[in-house]
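As a plain string of letters, each chain reads:
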Amino acid sequence: MSNSVSKLFAAFLALLLMYVVPSAELARRQDDLSRMVVYQSATKFVDSVRTKGYITPTMYNDFLRELEATGNVYDIEMEHQHKKYHPVYDDPANPSSFRNSYMVVYDHYYHADLIRYLFPESTAPLDDSSRVYHLTAGDMFQIQVRSINRTPGKIFMDALTGSYSGDKAAIVFPYGGLVLNEDY
């Protein structure tokens, strides 16, 4: 009886070591490759926006195509912080009360605002100048790319460890910085 149990256990262990563990390692490597693609695509897109000072629908669509190549589904959040200078007054109604200083204020434009500008409800072609979103040197532009599907590596890891990682994203990449140029 104990001999058959040990044979059954040995067969199960052999099956686990020959098929499941290599498959899990392959899925983990696929997740690593997806992370690298997200890193490279997001870095290239944001650096291009920061260097050029604008976003076109074509630039955004190319970025999405690169992400789609990983086979994962992503939630992308873009944010543009437009820098403005406001003079400081003791009494805003009295121009002579100017304090010889300025306050820096940022107007925030989020993903929905940018997408509405890039893809308006019009028949203008993608390369139309009215669809180019312009930024100003000194503004902040940043994105966050987050996977929203359960990747194969995450599924295998949950199965092998007996845990459930739930809604925790397997791939999260924030990136951004100051806009360096205004290329119109």
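Refer to the structure presented above.
What you see is a predicted model, and the numbers here were worked out from it, not measured in a lab. (Residues numbered from 1 in each chain as written. Predicted model: local features only at pLDDT ≥ 70, side-chain atom pairs only at ≥ 80, totals over all residues. Heavy atoms only, no water.)

Undergrad: How do you make sense of the pairing of strand β2 (residues 74-89) when you look at a structure like this?
TA: Remember that side chains alternate between the two faces of the sheet whenever the strand is regular. Bridging between β2 and strand β5 (residues 140-147) involves eight bridges; their strand directions are antiparallel. The residue of β5 that forms the bridge with D75 is R146. Two strands pair when backbone bridges link them, and β2 and strand β3 (residues 98-110) are joined in this way by ten bridges, in the antiparallel orientation. Within the sheet, the bridge partner assigned to Y85 lies in β3 and is V104. (Pairing = 2+ DSSP bridges. Helix = DSSP H or I, 4+ residues; strand = E, 2+ residues; numbered from the N terminus.)

Undergrad: I tried to follow the packing of aromatic side chains on my own but got confused; where do I start?
TA: Pairs of aromatic rings are described using the distance from one ring centre to the other and the angle between the two planes. Tallying each qualifying case throughout the model produces ten aromatic pairs. Centroid distance Y117 to Y133: 5.4 Å. Interplanar angle 80°. Geometry classified as edge-to-face. Residue Y117 is located in helix α3 (residues 111-118), and its partner Y133 is located in strand β4 (residues 133-134); the two are separated by 16 residues in the primary sequence. Through pairs of rings, three or more aromatic residues link up here, namely F45, Y60, F63, F119 and F141. (Phe/Tyr/Trp six-rings, centres within 6.5 Å; stacked < 30°, edge-to-face > 60°.)

Honestly, that's just the spatial picture; any functional story needs more than this.
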